[in-house]
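Chain by chain, the residues:
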Amino acid sequence: MRLKSAIWVSAYLRRCQSEGVFGAVSRRGAEEAGAVFVKVVLPDRTAMLYAPAPQTAYDDDRPFERVFMPVSTEPQPEAAVDERLAREIRFDPDVWIIETEDRAGRHFLDLVKSG
């Protein structure tokens, strides 16, 4: 059983704050199990978007953890990221969107391991 989305988001924002990174909820989703997307805005107003990893990427020994994957390999114009998020909301209105701003582009997420 995975941690409720609302609790995970709260803990994630505390982690960002403890590292000196501004973070905020820009869209509140379903408390129990809404998918969480994380947008990291860089100083040049480009952004990286991290989406929930597909269920097949989860470790069978730790199915309760949230794992993410970058939507692109390079930062995209912030407007393009916002368009992608608008499509996600139309597809699933229960999604959470977290926005952070960090000069170094740190995300503090567990990413899918390639290999």
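Residues numbered from 1 in each chain as written. Predicted model: local features only at pLDDT ≥ 70, side-chain atom pairs only at ≥ 80, totals over all residues. Heavy atoms only, no water.

> In this structure, what is going on with the overall build of the chain? I would like to understand it.
Looking only at helices and strands, the chain has two helices and six strands in total. Listing the helices and strands of the chain from first to last along the sequence gives α-β-β-β-β-β-α-β. For the chain, the residues scored as buried account for 37% of the 115 residues in total. Accessible area of the chain: about 7,100 Å², with a carbon and sulfur share of 52%. (Helix = DSSP H or I, 4+ residues; strand = E, 2+ residues; numbered from the N terminus. Buried < 20%, exposed > 50% of the residue type's maximum accessible area, 1.4 Å probe, protein only. Areas by Shrake-Rupley, 256 points an atom, 1.4 Å probe, with all protein chains shown as cover.)

> I'm lost on the packing of aromatic side chains in this one. Help?
Any aromatic ring pair is given by two values, namely how distant the centres are and how the planes are angled relative to each other. For the structure shown, the criterion picks out two aromatic pairs. Centre to centre, the rings of W8 and Y12 are 5.1 Å apart; their planes meet at 5°, and the pair counts as stacked. Highlighted residues: W8 and Y12, both in helix α1 (residues 5-18), separated by four residues, approximately one helical turn. Note on accessibility: W8 and Y12 belong to one class, buried. With a centroid separation of 5.4 Å and an interplanar angle of 35°, the aromatic rings of W8 and F68 are classed as tilted. With W8 in helix α1 and F68 in strand β4 (residues 68-70), the pair connects residues that are 60 residues apart, well separated along the chain. Pairwise contacts between aromatic rings join W8, Y12 and F68 into one cluster. (Phe/Tyr/Trp six-rings, centres within 6.5 Å; stacked < 30°, edge-to-face > 60°.)

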